[in-house]
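# Working through the structure, step by step
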Amino acid sequence: MWAGWQRDGFPEQAVSLRNVPEAGTVGPEELGGAVLLNRVDATVPEALHRAASGVGTGAVRRAATVGGNIVGSTLRCLLPAALVLDARATVLESDSVYDTDLSELLAKRHVLLALRWRAPLVSGYRKLEGEAGGPPPPVVAAVHADGDSPRDLRVAVRDGYEVFSERTPYDPDPEQVLHALAGTDLGALPAVARDAVRAQITDVLARVAEG
Ligand SMILES: Cc1cc2nc3c(=O)[nH]c(=O)nc-3n(C[C@H](O)[C@H](O)[C@H](O)COP(=O)(O)OP(=O)(O)OC[C@H]3O[C@@H](n4cnc5c(N)ncnc54)[C@H](O)[C@@H]3O)c2cc1C
């Protein structure tokens, strides 16, 4: 943003989120929109931690924020992780602060103050290798959620610039889970992404079984 303002001129008014407390939190069930990606550590669920660690280079992660990645970028490596966590977004309007879901956050490009979710039992995330100059590499996130809600397994995939997510009832057998997902958008992904989904689901279910 700053580079753009230096080039195109500064707005009359701007608000920095840097010192807004909600925007700077890092916890097991919350992450602030102004948090730099290199500060997203193992305090948050593994899927989100791995997603942030895999963005760009160290220099990018020292400058880019959670909100800039999810709302402002086209790559959105953090989005599949936020989707499997079923995260809610706390957003800042000119006269109010309220909670909404991720689809509204993205459709309306609200200012993200923070993400909140219920801590999952197990989560995982993998970013595949990309080709130089090619499309963004697939990323896959999976989570096993428990608690008051029915036990379920959520999977999200970035394929190209599109992100797909599904949820299915928990089953300890990866083949049953994959069978349940076969009829969804995830079943129509390219083979390389489907293989990554299989590996990620198998890994998450194995870790659930280990307790
Ligand atoms: C070399 C390079 C490599 C990269 N590699 C990857 C990658 O591998 N994966 C990936 O996902 N991303 C990648 N990115 C994008 C990066 O993660 C950031 O998303 C991007 O740089 C935006 O950074 P920023 O947070 O400083 O946002 P800014 O530059 O400050 O803002 C960018 C846009 O986001 C909006 N925005 C910023 N904060 C918020 C907020 N809290 N709520 C709502 N909107 C907001 C701004 O209004 C603006 O429109 C890369 C970027 C670079 C430069």
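Residues numbered from 1 in each chain as written. Predicted model: local features only at pLDDT ≥ 70, side-chain atom pairs only at ≥ 80, totals over all residues. Heavy atoms only, no water.

### Considering the site of the ligand
Contacts to the ligand come from 23 residues, most closely from T65, N69, C77, L112 and K127. The contact in question runs from an oxygen atom of the ligand to an N or O atom on the backbone of A63, over 3.5 Å. N69 places a polar side-chain atom, nitrogen or oxygen, 2.8 Å from an oxygen atom of the ligand. Protein chains shield 66% of the accessible area of the ligand, which is 950 Å² for the free molecule. Of all the elements, helix 4 (residues 66–72) adds the most residues to the shell around the ligand, at five residues. (Near = heavy atom within 4 Å. Polar contact = N/O pair within 3.5 Å; in protein donor to acceptor, adjacent residues only side chain to side chain. Areas by Shrake-Rupley, 256 points an atom, 1.4 Å probe, with all protein chains shown as cover. Helix = DSSP H or I, 4+ residues; strand = E, 2+ residues; numbered from the N terminus.)

### Some points on the domain arrangement of the chain
One can read the domain layout of the chain as domain 1 (18–116) and domain 2 (122–210). For domain 1 and domain 2, the distance between their C-alpha centres works out to 20 Å. For the pairing of domain 1 and domain 2, the buried interface totals around 1400 Å² over both sides, and the portion due to carbon and sulfur atoms is 62%. Sorting the residues of domain 1 by area buried against domain 2 places L75, P80 and V84 first, and these three jointly supply 37% of that buried surface. Inspection of the region where domain 1 meets domain 2 yields two salt bridges. (Domains from an automatic or database assignment. Buried area = accessible area lost by both parts, 1.4 Å probe. Salt bridge = Lys/Arg side-chain N within 4 Å of Asp/Glu carboxyl O.)

### Here's the deal with helix 7 (residues 174–182)
Residue pairs spaced three or four apart in an α-helix point in one direction, given the helix's 3.6 residues per turn. When helix 7 is considered as a whole, its buried residues turn out to be P174, V177, L178 and L181. Within helix 7, the buried residues cover an arc of 95° as seen down the axis, which keeps them to one side. In the core, the buried residues of helix 7 are packed alongside strand 8 (152–159), strand 9 (162–169) and helix 8 (191–210). Taking the backbone nitrogen of E175 as reference, a side-chain oxygen 2.9 Å away marks D173 as the first, capping residue of helix 7. (Buried < 20%, exposed > 50% of the residue type's maximum accessible area, 1.4 Å probe, protein only. Arc of directions from axis to C-beta. Contact = heavy atoms within 4.5 Å.)

### Quick word on the side chain of R158
Summarising the element assignment, R158 is placed in strand 8. For the buried R158, no salt bridge exists, and the shortest N-O distance to an oppositely charged side chain is 8.1 Å, to D159. Of note is the side chain of R158, whose polar atom sits 3.0 Å from the backbone oxygen of L75. Residue contacts for R158: discarding those within four places in its chain leaves L75, R76, C77, P80, K127, P136, P137, P138, V139 and V163. (Lys, Arg positive; Asp, Glu negative; His and termini not counted.)

### Regarding the sheet that holds strand 6 (residues 122–127)
If you walk across this open sheet you meet the four strands as 6-7-8-9, and the pairing is antiparallel. A strand with exactly one partner marks an edge of an open sheet, and here the two such strands are strand 6 and strand 9. Averaged over all adjacent pairs, the angle separating strand axes in this sheet is 10°, with direction ignored. Note that strand 6 and strand 7 (residues 139–145) share six bridges and pair antiparallel. (Pairing = 2+ DSSP bridges. Axes fitted to C-alpha atoms, helices over the stretch in contact; angles between N-to-C directions.)

### Concerning helix 2 (residues 46–53)
Taken as a whole, helix 2 has its buried residues at A47, L48, A51 and A52. One side of helix 2 carries all its buried residues, which in axial view fall inside an arc of 125°. Where the residues of helix 2 are buried, they touch strand 2 (30–32), helix 3 (58–63), helix 5 (78–84) and strand 6.

### Looking at the packing of aromatic side chains
For the coordinates displayed, the defined rule picks out three aromatic pairs. Ring centres 6.0 Å apart and planes at 55° place the aromatic pair W5 and F10 in the tilted group. On the accessibility criterion, F10 (48% relative accessible area) is partly exposed. Each residue in the set W2, W5 and F10 is aromatic and connected to the rest through ring pairs, giving one cluster. (Phe/Tyr/Trp six-rings, centres within 6.5 Å; stacked < 30°, edge-to-face > 60°.)

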